[in-house]
Amino acid sequence: MEDRARKMSSPGVDGDPKPPCLPRNGLVKLPGQPNGLGAASITKGTPAAKNRPCQPPPPPTLPPPSLAAPLPRAALAGGLCPPAGLPLGGPASVPVPGPPVERPPLATDEKILNGLFWYFSACEKCVLAQVCKAWRRVLYQPKFWAGLTPVLHAKELYNVLPGGEKEFVNLQGFAARGFEGFCLVGVSDLDICEFIDNYSLSKKGVKAMSLKRSTITDAGLEVMLEQMQGVVRLELSGCNDFTEAGLWSSLSARITSLSVSDCINVADDAIAAISQLLPNLAELSLQAYHVTDTALAYFTARQGHSTHTLRLLSCWEITNHGVVNVVHSLPNLTALSLSGCSKVTDDGVELVAENLRKLRSLDLSWCPRITDMALEYVACDLHRLEELVLDRCVRITDTGLSYLSTMSSLRSLYLRWCCQVQDFGLKHLLAMRSLRLLSLAGCPLLTTTGLSGLVQLQELEELELTNCPGATPELFKYFSQHLPRCLVIE
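Residues numbered from 1 in each chain as written. Predicted model: local features only at pLDDT ≥ 70, side-chain atom pairs only at ≥ 80, totals over all residues. Heavy atoms only, no water.

- The name an unreviewed UniProt entry assigns to the chain is F-box/LRR-repeat protein 15-like leucin rich repeat domain-containing protein, from the organism Felis catus.

### So, the overall build of the chain
For step 1, the next point in the chain: Looking only at helices and strands, the chain has 19 helices and 18 strands in total.
For step 2, the next point in the chain: Residues classed as buried in the chain amount to 43% of the 490 residues present.
For step 3, the next point in the chain: Restricting the contact set of the chain to residue pairs at least 6 apart, pairs at least 24 apart contribute 69%.
For step 4, the next point in the chain: Accessible area for the chain stands at about 26000 Å²; split by element, carbon and sulfur atoms hold 56% of it. (Helix = DSSP H or I, 4+ residues; strand = E, 2+ residues; numbered from the N terminus. Buried < 20%, exposed > 50% of the residue type's maximum accessible area, 1.4 Å probe, protein only. Contact = heavy atoms within 4.5 Å. Areas by Shrake-Rupley, 256 points an atom, 1.4 Å probe, with all protein chains shown as cover.)

### So, the nonpolar core
For step 1, the next point in the chain: By size, the foremost hydrophobic cluster in this structure holds 125 residues, and its most contacted members are Met 209, Leu 211, Leu 362, Leu 413, Leu 440 and Leu 465.
For step 2, the next point in the chain: Ranked by residue count, the leading element in this core is helix 15 (residues 372-381), at five residues. (Core = buried A, V, L, I, M, F, W, Y, C linked by side-chain atoms within 4.5 Å.)

### Quick notes on the state of the cysteines
For step 1, the next point in the chain: On inspection of all chains with the given rule, the structure shows zero disulfides.
For step 2, the next point in the chain: Lacking any disulfide linkage, Cys 443 is separated from the closest cysteine sulfur, that of Cys 418, by 5.7 Å. (Disulfide = S-S within 2.5 Å.)

### Things to note about the side chain of Asp 372
For step 1, the next point in the chain: Note that Asp 372 resides in helix 15.
For step 2, the next point in the chain: Buried charge without a partner: Asp 372 forms no salt bridge, and the closest opposite charge is Arg 395, 9.9 Å away.
For step 3, the next point in the chain: Here the side chain of Asp 372 touches Gly 400 through a polar contact of 3.4 Å, landing on its backbone nitrogen.
For step 4, the next point in the chain: The residues touching Asp 372, leaving out its near neighbours within four places in the chain, are Arg 395, Ile 396, Thr 397, Thr 399, Gly 400 and Tyr 403. (Lys, Arg positive; Asp, Glu negative; His and termini not counted. Salt bridge = Lys/Arg side-chain N within 4 Å of Asp/Glu carboxyl O. Polar contact = N/O pair within 3.5 Å; in protein donor to acceptor, adjacent residues only side chain to side chain.)

### Quick notes on the packing of helix 8 (residues 189-198) against helix 9 (residues 218-227)
For step 1, the next point in the chain: Remark: helix 8 packs on helix 9, axes separated minimally by 9 Å, with the N-to-C direction vectors making an angle of 15°. One finds that helix 8 runs roughly parallel with respect to helix 9. Every pair of crossing elements has a handedness; the one defined by helix 8 and helix 9 is left-handed. In this structure, helix 8 uses Asp 189, Ile 192, Cys 193 and Ile 196 to contact helix 9, whose residues at the interface are Gly 220, Val 223, Met 224 and Gln 227.
For step 2, the next point in the chain: Residue classes in the contact of helix 8 with helix 9 are distributed as five nonpolar, two polar and one charged. (Axes fitted to C-alpha atoms, helices over the stretch in contact; angles between N-to-C directions. Parallel < 35°, antiparallel > 145°, perpendicular 65-115°, else oblique. Left-handed = near helix turned anticlockwise from the far one by under 90°. Nonpolar A, V, L, I, M, F, W, Y, C, P; charged D, E, K, R; others polar.)

### Structural notes on the pattern of salt bridges
For step 1, the next point in the chain: Within this structure, the stated rule accounts for seven salt bridges.
For step 2, the next point in the chain: Between Glu 110 and Arg 137 there is a salt bridge, with its nearest N and O atoms 2.9 Å apart. Of this pair, Glu 110 sits in helix 4 (residues 110-116) while Arg 137 sits in helix 6 (residues 133-139), placing them 27 residues apart in sequence.
For step 3, the next point in the chain: Judged by relative accessible area, which is 36%, Glu 110 ranks as partly exposed.
For step 4, the next point in the chain: A salt bridge links Glu 317 to Lys 343; the shortest N-O distance between them is 3.5 Å. With Glu 317 in the loop between strand 11 (309-312) and helix 13 (320-329) and Lys 343 in the loop between strand 12 (335-337) and helix 14 (346-355), the pair connects residues that are 26 residues apart, well separated along the chain.
For step 5, the next point in the chain: Given the relative accessible area of 35%, Glu 317 is considered partly exposed.
For step 6, the next point in the chain: The network of salt bridges with common partners includes Asp 391, Arg 416 and Glu 464.

### Side note on the confidence of the model for the chain
For step 1, the next point in the chain: For the chain, per-residue confidence averages 84 on the pLDDT scale, and 79% of positions sit at 70 or higher.
For step 2, the next point in the chain: Within the model, the stretch residues 4-54 combines pLDDT values under 50 with 50 contacts to residues more than four positions away or in other chains.
For step 3, the next point in the chain: When the criterion is pLDDT under 50, residues 62-82 qualifies, and its contacts beyond four places in sequence or with other chains add up to 31 contacts. (pLDDT = per-residue confidence, 0-100.)

### Structural notes on the side chain of Ser 214
For step 1, the next point in the chain: Following the sequence through the fold, Ser 214 ends up in the loop between strand 7 (208-212) and helix 9.
For step 2, the next point in the chain: For Ser 214, the side chain forms a polar contact with the main-chain nitrogen of Gly 186, separated by 3.3 Å.
For step 3, the next point in the chain: Here the side chain of Ser 214 touches Val 187 through a polar contact of 3.2 Å, landing on its backbone nitrogen.
For step 4, the next point in the chain: If near-sequence neighbours (up to four positions away) are discounted, Ser 214 is found in contact with Leu 184, Val 185, Gly 186, Val 187, Gly 238, Cys 239, Asn 240 and Asp 241.

### Description of helix 13
For step 1, the next point in the chain: Of the positions making up helix 13, those classed as buried are Asn 320, Gly 322, Val 323, Val 326, Val 327 and Ser 329.
For step 2, the next point in the chain: In this structure, the buried side of helix 13 is in contact with helix 12 (301-306), strand 11 and helix 14.

### A few points about the packing of helix 13 against helix 14
For step 1, the next point in the chain: In the contact formed by helix 13 and helix 14, the axes pass within 9 Å of each other and the chain directions differ by 10°. By the angle between their directions, the pair helix 13 and helix 14 is classed as roughly parallel. Contacts from Asn 320, Val 323, Val 324 and Val 327 of helix 13 reach helix 14 at Asp 347, Gly 348, Leu 351, Val 352 and Asn 355.
For step 2, the next point in the chain: Grouping the amino acids of the contact of helix 13 with helix 14 by side-chain chemistry returns five nonpolar, three polar and one charged.

### So, unusual backbone geometry
For step 1, the next point in the chain: For Arg 213, which is not glycine, the phi torsion reads 45° and is therefore positive.
For step 2, the next point in the chain: Summarising the element assignment, Arg 213 is placed in the loop between strand 7 and helix 9.
For step 3, the next point in the chain: For Arg 213, a relative accessible area of 57% puts it in the exposed group.

### Quick notes on a nonpolar patch on the surface
For step 1, the next point in the chain: A cluster of nonpolar side chains, contributed by Leu 106, Ile 112, Leu 116, Trp 118 and Tyr 119, occupies part of the molecular surface with about 600 Å² of accessible area.
For step 2, the next point in the chain: Judged by relative accessible area, Trp 118 falls into the partly exposed class, the value being 47%. (Patch = residues over 30% accessible without salt bridge, like charges linked within 9 Å, V, L, I, M, F, W, Y side chains within 5 Å.)

### Some remarks on the packing of aromatic side chains
For step 1, the next point in the chain: Under the definition given, this model contains 14 aromatic pairs.
For step 2, the next point in the chain: Measuring from centroid to centroid gives 5.6 Å for Phe 195 and Tyr 199, while their planes differ by 20°, and the two rings are stacked.
For step 3, the next point in the chain: The rings of Trp 145, Phe 174, Phe 179, Phe 182, Phe 195 and Tyr 199 are connected pair by pair, giving a single aromatic cluster.
For step 4, the next point in the chain: Across the ring face of Tyr 140, the terminal group of Arg 177 is positioned such that the distance to the ring centre comes to 4.4 Å.
For step 5, the next point in the chain: For Arg 177, the ring lying beneath its charged end belongs to Phe 174, and the centroid distance is 5.2 Å. (Phe/Tyr/Trp six-rings, centres within 6.5 Å; stacked < 30°, edge-to-face > 60°. Lys NZ or Arg CZ within 6 Å of the ring centre and 35° of its normal.)

### Considerations on the environment of Ile 489
For step 1, the next point in the chain: Tracing the backbone shows Ile 489 in strand 18 (residues 487-489).
For step 2, the next point in the chain: Distance in space between the C-alpha atoms of Ile 489 and Ser 439 is 9.2 Å, their sequence separation being 50 residues.
For step 3, the next point in the chain: Leaving out residues up to four positions away in the same chain, Ile 489 has contacts with Glu 462, Leu 463, Glu 464, Leu 465 and Thr 466.

See below:
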């Protein structure tokens, strides 16, 4: 014992014996060693400390955290650090925090995924939803599918069972995403009834229905609009089995948008049904070869207040007399299309320009009788016009473009296949600083030199030069350098 005491009491700086370090709380403080390792704290009775005091101690074997002895405050004051894993002791010590809260991996973190999935297209989202349940749960929120319309073909609505019977598909995935509109292709009356019975949102949640190339009859149309009380937008395209009587029996006053195209049984009486039964109609799109000027006289003052968009597409029988009926019955139109109404002339355009001063969009494409004079009427009277479509107006020349150059509000101009437009006409367009979209596709007389001048339209966002002989690879490179913010369609 005496030898042990002498070993632990080394002379101090003053020559006085230094008292040994007494153990406290199971720890021994070793004096500084001549090798410069400094002080260290180890568990009492460690053989390594007694036999090899000049070497760093090996890592101690620690008891579980609940059994480890706390570190004295005196040791902390002396600059000692507890071994790894040893908790700070003492009744006044800061409590050791618990284990870190586990966070989900980044690949399944819903907060991150909610921001990430906005960068993908609708088709890509459909694929990503098949990766795992976590991704599907996030992607199946209605916000990611707003404004999209699922297209379902008749053959996709049924699963064939082993016995050969057919079972209607489960539409719960569509309901989870909250789709408010559907396009059904090639369906029959029975298919529509099955859809209504199997889609949980069909009665009130569906706002828009589109039927294309379908065999729906008058009875099927009536049942659909009677059962689906939420439908306010209806499209019928290529449906040749319903008649005008079906429109009289099924149309509801709640419908605000109607589109009918390529339906062979639609004629003047169908327009009468529309004008009488749809007082709140805001948008009408009609493509019917047998509609005449008489039909356009059916519109009443009720539609005059509510209807803002009228599209008459390829209505070959409509003449300037029909245009007279339109401008008097629907004075509040903001968008008008006479595309393919081949009997409309400059006089009809003059009626439009003088009476429909609120127009913001006018489509005169495929009207072969339109000349430069019509463009003068448009430029003089339609000061709010933002979009003008003149595709296939083969009589338009550079003189007509000079009239348009005075329109300060025009943002979109379509001149596809206007075969008489030349470089001189393009020079007039260079003064139109408001232009954001210009289409010159198929204009055969435009040269590379004339087209290169378009770099002066620095605010241009889209330029279409498809099938334009003057559009060379060198020109596209030139545009990429001088119109860097413009999308040039080759």
